[in-house]
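The primary structure of each chain is shown beneath.
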Amino acid sequence: MAHSRARPNPADGKAPVRRATGIVAVVFLVIGVLGFIPGVTNPYDDLRFAGHHSGAALFDTFQVSVLHNLVHLGFGLAGLALSRTVTRARAYLVGGGAVYLVLWLYGVVMDAGSGANFLPLNGADNWLHLGLGAGMIALGLLTTRRTTG
């Protein structure tokens, strides 16, 4: 049972799109950091800077490289910076979601064994990117809906 002297919630009064952007950004930061932790990323010795030759997989499922992890960290930092205003937070979610849908499409049409697979991407990554893209766009649109009446 909370008492009247409890600290106020810092999210109180913050627009839903700003909260959503902050949460998405923190998730990207956590995933980016986890990609550099042996045991979470296996086999860690197979982690390469970039390219399809990186045999490391986050949670033994999602193929990653140093570049891939850095992209997640950068995306997280960008989200935190853009979560300061409603307009920028919405742009991050909708624009970032569009980027992930393009990345999904790229992963689907590109040959996973070719040099074009520079991040690298596998089938699990492709499904994740599809879900991230659709989810981020939905969050950006649904958390900034205008109500009439």
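Provided above is the structure to which this section pertains.
The paragraphs below set out a description of the structure included in this document.

1. Focus on the overall build of the chain
Stage number 1. On a plain count of helices and strands, the chain comes out with four helices and three strands.
Stage number 2. Each helix and strand of the chain, ordered N terminal to C terminal, gives the series α-β-β-β-α-α-α.
Stage number 3. Looking at the chain as a whole, 34% of its 149 residues qualify as buried.
Stage number 4. Relative to all contacts within the chain whose residues are 6 or more apart in sequence, the contacts with residues 24 or more apart total 61%.

2. Some thoughts on the environment of Gly97
Stage number 1. Assignment of secondary structure puts Gly97 in helix H3 (residues 86–109).
Stage number 2. The class for Gly97 is buried, based on a relative accessible area of 0%.
Stage number 3. For the pair Gly97 and Gly140, spaced 43 residues apart in sequence, the C-alpha separation works out to 8.7 Å.
Stage number 4. Apart from the residues within four sequence positions on either side, Gly97 is in contact with Tyr92, Gly133, Met136 and Ile137.

3. Some points on H3
The α-helix advances 3.6 residues per turn, and as a result positions three or four apart in sequence lie on the same side.
Stage number 1. Given a rise of 1.5 Å per residue, 24 residues ought to cover 34 Å, and the 35 Å separating the end C-alpha atoms of H3 matches this to within 8%.
Stage number 2. Of the positions making up H3, those classed as buried are Ala89, Tyr92, Leu93, Gly96, Gly97, Tyr100, Leu103 and Gly107.
Stage number 3. As for H3, its buried residues are in contact with helix H1 (16–34), helix H2 (66–82) and helix H4 (123–142).

4. Considerations on the side chain of Thr21
Stage number 1. By the secondary structure assignment, Thr21 is in helix H1.
Stage number 2. Within the structure, Thr21 has its side chain in polar contact with the backbone oxygen of Ala89 (distance 3.2 Å).
Stage number 3. Sequence-distant contacts of Thr21, that is, excluding residues within four places in its chain, are made with Gly79, Ser83, Ala89, Tyr92 and Leu93.

5. Details of the sheet that holds strand E1 (residues 41–42)
Stage number 1. Spatial strand order, E1-E2-E3: three strands in an open sheet with antiparallel pairing. Looking at which strands have only one partner, the edges of the open sheet turn out to be E1 and strand E3 (62–63).
Stage number 2. Pairing of E1 with strand E2 (residues 57–58), which is carried by two bridges, proceeds in the antiparallel orientation. Residue pairing across strands places Thr41 opposite Leu58, the latter belonging to E2.

6. Side note on the nonpolar core
Stage number 1. Counting residues in hydrophobic clusters, the biggest one holds 15 residues, and the most contacted among them are Val24, Phe28, Phe75, Tyr92, Leu93, Tyr100 and Met136.
Stage number 2. Those elements that provide at least two residues to this core are H1 and H3.
Stage number 3. Setting aside residues up to four positions removed in sequence, Leu93 forms contacts with Val17, Ala20, Thr21, Val24, Met136, Ile137, Leu139 and Gly140.

7. Some thoughts on unusual backbone geometry
Stage number 1. The residue after Asn42, namely Pro43, is reached through a cis peptide bond having omega -20°.
Stage number 2. Tracing the sequence through the fold places Pro43 in the loop between E1 and E2.
Stage number 3. A cis amide bond links Leu119 to the next residue, Pro120, at an omega of -5°.
Stage number 4. Relative to the helices and strands, Pro120 is located in the loop between H3 and H4.
Stage number 5. If you check the backbone angles, Phe59 has positive phi at about 55° while not being a glycine.
Stage number 6. On the secondary structure map, Phe59 appears in the loop between E2 and E3.
Stage number 7. Exposure remark for Phe59: the relative accessible area of 44% places this residue in the partly exposed category.

Cut-offs and rules
Residues numbered from 1 in each chain as written. Predicted model: local features only at pLDDT ≥ 70, side-chain atom pairs only at ≥ 80, totals over all residues. Heavy atoms only, no water. Helix = DSSP H or I, 4+ residues; strand = E, 2+ residues; numbered from the N terminus. Buried < 20%, exposed > 50% of the residue type's maximum accessible area, 1.4 Å probe, protein only. Contact = heavy atoms within 4.5 Å. Expected span 1.5 Å × (residues − 1). Polar contact = N/O pair within 3.5 Å; in protein donor to acceptor, adjacent residues only side chain to side chain. Pairing = 2+ DSSP bridges. Core = buried A, V, L, I, M, F, W, Y, C linked by side-chain atoms within 4.5 Å.

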